[in-house]
Amino acid sequence: MSAPQRLTAQRAEIVFAGIVFAVAVLLAACFAVGGSATAGTHGERTKAIVSRDGAVVQTIDLGNTDEFDILLFEDDRGSNLIELDGGRIRVADADCPDRTCVRTGWIERPGQIIACVPHGLTIIIEREGEGTPNGPDAVVGAA
Amino acid sequence: MARTQSLAQRDPNATRRVCRCALLAALAVAVAAAEALVPMPAPIPGMKLGLANTVTVIAAFWLGPAEATVVLAVRILLCAVLAGQLAALPFSLVGGVCALAVTLTFVHLNARGKVRLCCMAAAVAHNCGQIAMAAILTATPQIALYLPILLVVGTATGYATGTLAATVLERLPHLLASATNRIERQNAEPSPGGTASEQHGAGACAPHPDRSTPSAEHPRHA
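Residues numbered from 1 in each chain as written. Chains lettered and ligands numbered in written order. Predicted model: local features only at pLDDT ≥ 70, side-chain atom pairs only at ≥ 80, totals over all residues. Heavy atoms only, no water.

If you look chain B up in an unreviewed UniProt entry, it shows as Heptaprenyl diphosphate synthase from Enteroscipio rubneri.

Student: Would you take a moment to explain the overall build of chain A for this structure?
Tutor: The secondary structure content of chain A amounts to 3 helices and 7 strands. In chain A, the succession of helices and strands from N to C terminus is α-β-β-β-β-β-α-β-β-α. Scored against the burial criterion, the 143 residues of chain A give a buried share of 36%. For chain A, contacts bridging at least 24 residues in sequence account for 39% of all contacts bridging at least 6. Only carbon and sulfur atoms are counted for the fraction: they give 57% of the accessible area of chain A, which is about 7,500 Å². (Helix = DSSP H or I, 4+ residues; strand = E, 2+ residues; numbered from the N terminus. Buried < 20%, exposed > 50% of the residue type's maximum accessible area, 1.4 Å probe, protein only. Contact = heavy atoms within 4.5 Å. Areas by Shrake-Rupley, 256 points an atom, 1.4 Å probe, with all protein chains shown as cover.)

Student: Explain the interface of chain B and chain A here, please?
Tutor: Interface extent is often summarised as the accessible area lost during association of the parts. Chain B puts 33 residues into the contact, and the matching count from chain A is 32 residues. Buried area between chain B and chain A, summed over both chains or domains, comes out near 2,700 Å², and the portion from carbon and sulfur atoms is 72%. At the junction of chain B and chain A, the tally comes to 1 salt bridge. Where Arg116 of chain B meets Glu13 of chain A, a salt bridge forms, and the shortest distance between an N and an O atom there is 3.1 Å. Counting the contacts that link chain B with chain A gives 3 residue pairs in polar contact (both at pLDDT 80 or more). (Buried area = accessible area lost by both parts, 1.4 Å probe. Salt bridge = Lys/Arg side-chain N within 4 Å of Asp/Glu carboxyl O. Polar contact = N/O pair within 3.5 Å; in protein donor to acceptor, adjacent residues only side chain to side chain.)

Student: How should the confidence of the model for chain A be read in this particular structure?
Tutor: When pLDDT is low, close inspection of the predicted coordinates is not appropriate. All names here are of chain A. Per-residue confidence for chain A averages 80 on the pLDDT scale, and 81% of its residues sit at or above 70. Averaged over each element, pLDDT in chain A is lowest for helix H3 (residues 135-142) (40) and highest for strand E5 (residues 88-94) (91). Under a pLDDT of 50 for its full length, residues 132-143 has, in the predicted model, 15 contacts with residues more than four places off or in other chains. (pLDDT = per-residue confidence, 0-100.)

Student: Looking at this structure, how should I read the side chain of Arg116 of chain B?
Tutor: Relative to the helices and strands, Arg116 of chain B is located in helix H6 (residues 115-137). When sequence neighbours within four positions are dropped, the list of residues in contact with Arg116 of chain B reads Gln10 and Glu13 of chain A together with Gly158, Tyr159, Gly162 and Thr163 of chain B.

Student: Could you clarify how one ought to interpret the nonpolar core in this entry?
Tutor: One broad rule of soluble globular proteins: the nonpolar side chains tend to lie buried together. Leu24, Val57, Phe61, Val71 and Phe106 of chain B are the most contacted members of the largest nonpolar core, which totals 36 residues. Breaking this core down by element, the ones donating at least two residues are helix H2 (14-37), helix H3 (51-62), helix H4 (65-83), helix H5 (89-108), H6 and helix H7 (147-171) of chain B. When residues of this core are assigned to their parent elements, the largest contribution, 8 residues, is made by H3 of chain B. In terms of nonpolar packing, the next biggest core, distinct from the first, is built from 20 residues, Val50, Ala94, Ile107 and Leu121 of chain A among them. (Core = buried A, V, L, I, M, F, W, Y, C linked by side-chain atoms within 4.5 Å.)

Student: For this particular structure, what's the right way to read the sheet that holds strand E2 (residues 55-61) of chain A?
Tutor: Backbone hydrogen bonds hold the strands of a sheet together, and the pairing may be parallel or antiparallel. Residue and element names in this part refer to chain A. Read across the open sheet, the 4 strands follow the order E2-E1-E7-E6; overall the sheet is antiparallel. Edge positions in the open sheet fall to E2 and strand E6 (113-116), since each of these has one partner strand only. Between one strand axis and the next, the sheet turns by 20° as a mean value, whatever way the strands run. One ladder, built from 6 bridges, connects strand E1 (residues 46-52) with E2; its direction is antiparallel. Looking at the pairing, Val50 lines up with Gln58 of E2. (Pairing = 2+ DSSP bridges. Axes fitted to C-alpha atoms, helices over the stretch in contact; angles between N-to-C directions.)

Student: Looking at this structure, how should I read the packing of H3 of chain B against H5 of chain B?
Tutor: Geometrically, a packed helix pair is captured by the angle between its two axes and the distance between the axes. Residues and elements named next belong to chain B. Packing of H3 against H5 brings their axes to within 10 Å, and their N-to-C directions diverge by 30°. With respect to H5, the axis of H3 lies roughly parallel. Crossing of H3 against H5: the hand is right-handed. Touching Asn53, Thr56, Val57, Ala60 and Phe61 of H3 are Ala99, Leu100, Thr103, Leu104, Phe106 and Val107, all from H5. Within the contact of H3 with H5, the residues separate by chemical class into 8 nonpolar, 3 polar and no charged. (Parallel < 35°, antiparallel > 145°, perpendicular 65-115°, else oblique. Left-handed = near helix turned anticlockwise from the far one by under 90°. Nonpolar A, V, L, I, M, F, W, Y, C, P; charged D, E, K, R; others polar.)

Student: Explain the environment of Ala92 of chain A here, please?
Tutor: All names here are of chain A. The residue Ala92 is located in strand E5 in this model. Residues Ala92 and Thr104, 12 residues apart in the sequence, show an inter-C-alpha distance of 9.9 Å. Those residues in contact with Ala92 that lie beyond four places of it in its chain are Leu81, Ile82, Glu83 and Val102.

Student: Explanation requested: a nonpolar patch on the surface in the structure shown.
Tutor: There is a patch of nonpolar side chains on the surface, built from Val15, Ile19 and Val23 of chain A and spanning about 250 Å² of accessible area. Considering the arrangement of structural elements, one finds Val15 of chain A in helix H1 (residues 3-36). (Patch = residues over 30% accessible without salt bridge, like charges linked within 9 Å, V, L, I, M, F, W, Y side chains within 5 Å.)

Student: Please explain the sheet that holds strand E3 (residues 68-75) of chain A as it appears in this structure.
Tutor: All names here are of chain A. The 3 strands are arranged E3-E4-E5 in an open sheet whose pairing can be described as antiparallel. Of all strands in the sheet, those with a lone pairing partner are E3 and E5, marking the two edges. In this sheet, adjacent strand axes meet at a mean angle of 25° when their direction is disregarded. Of the strand pairs in this sheet, strand E4 (residues 78-85) and E5 are connected by 6 bridges, and their pairing is antiparallel. The partner of Leu84 across the bridge, within E5, is Ile89.

Set out below in structure tokens:
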């Protein structure tokens, strides 16, 4: 490959990286703006919504900060052990291949999310009193 | 150099191509298995180095679209079965197909000098496809929250794997459709007549060493 070709290729790489970076920043900004409407502060009454394939499996009130619990969510794809500790929640253990959900750790603020993609399991924290955006429809669809 | 060659034209090298395709497929499975052992610094679904995609890109530029597709299919299916993780199959499949589509576009445009850019674009396409699939299958659009960081990480890992792929491609005996041309030119160069002993010595990987006159066998090179 000649020098000018290499230069052209490098320029194309820089342009590409720049565009992707710009799109990423733009997306992040959009999410931040959209999220600020639901983002809360500490001490707010929150709930965790556990969904499987978009259908709400269980809604856990995180307002009771003395509560400690361990819940097992299981299906043919595998199991996720969910730990509840005061106002926060995490996946304590799972048998999914990447264990991304376990490594996400504790979440406690509205808008935060844990996703175990291989098991189709998601945990989203919302403020108490908010509607579940994909709740009823998804339940009907799954049933 | 011809951009595309018909299957019949490539036929004289069929054995070699199948061998190389199989080698790359095996390499892809091994690399993917090794890659799965490497822990990722951040818990983000779908984040990975993408070393296995390097092999697909090499297959696409070195052998051709059909071979790259085979290498990708073998890798994804074998890895899912061997790891016993069929649940994760849709994600790797969609991501892999997105990356392959981008790679084949680059090959089609004959953008041999842009292998690194190709890897960067493929990585980004892989991430987009995977996140879209995850958002659809879990019916949780919030998973798209991971997209910005994945885009940036994908560009960076694509740069790294692209550098690797370009380096490997430079060192492979030949690229793309020039395959038979160059090898036979090299074989022929020492003495244009091409004696039988030279054919045996230089063409250890030639499909039929007893074909002493390649120009007669493949008139298109004349």
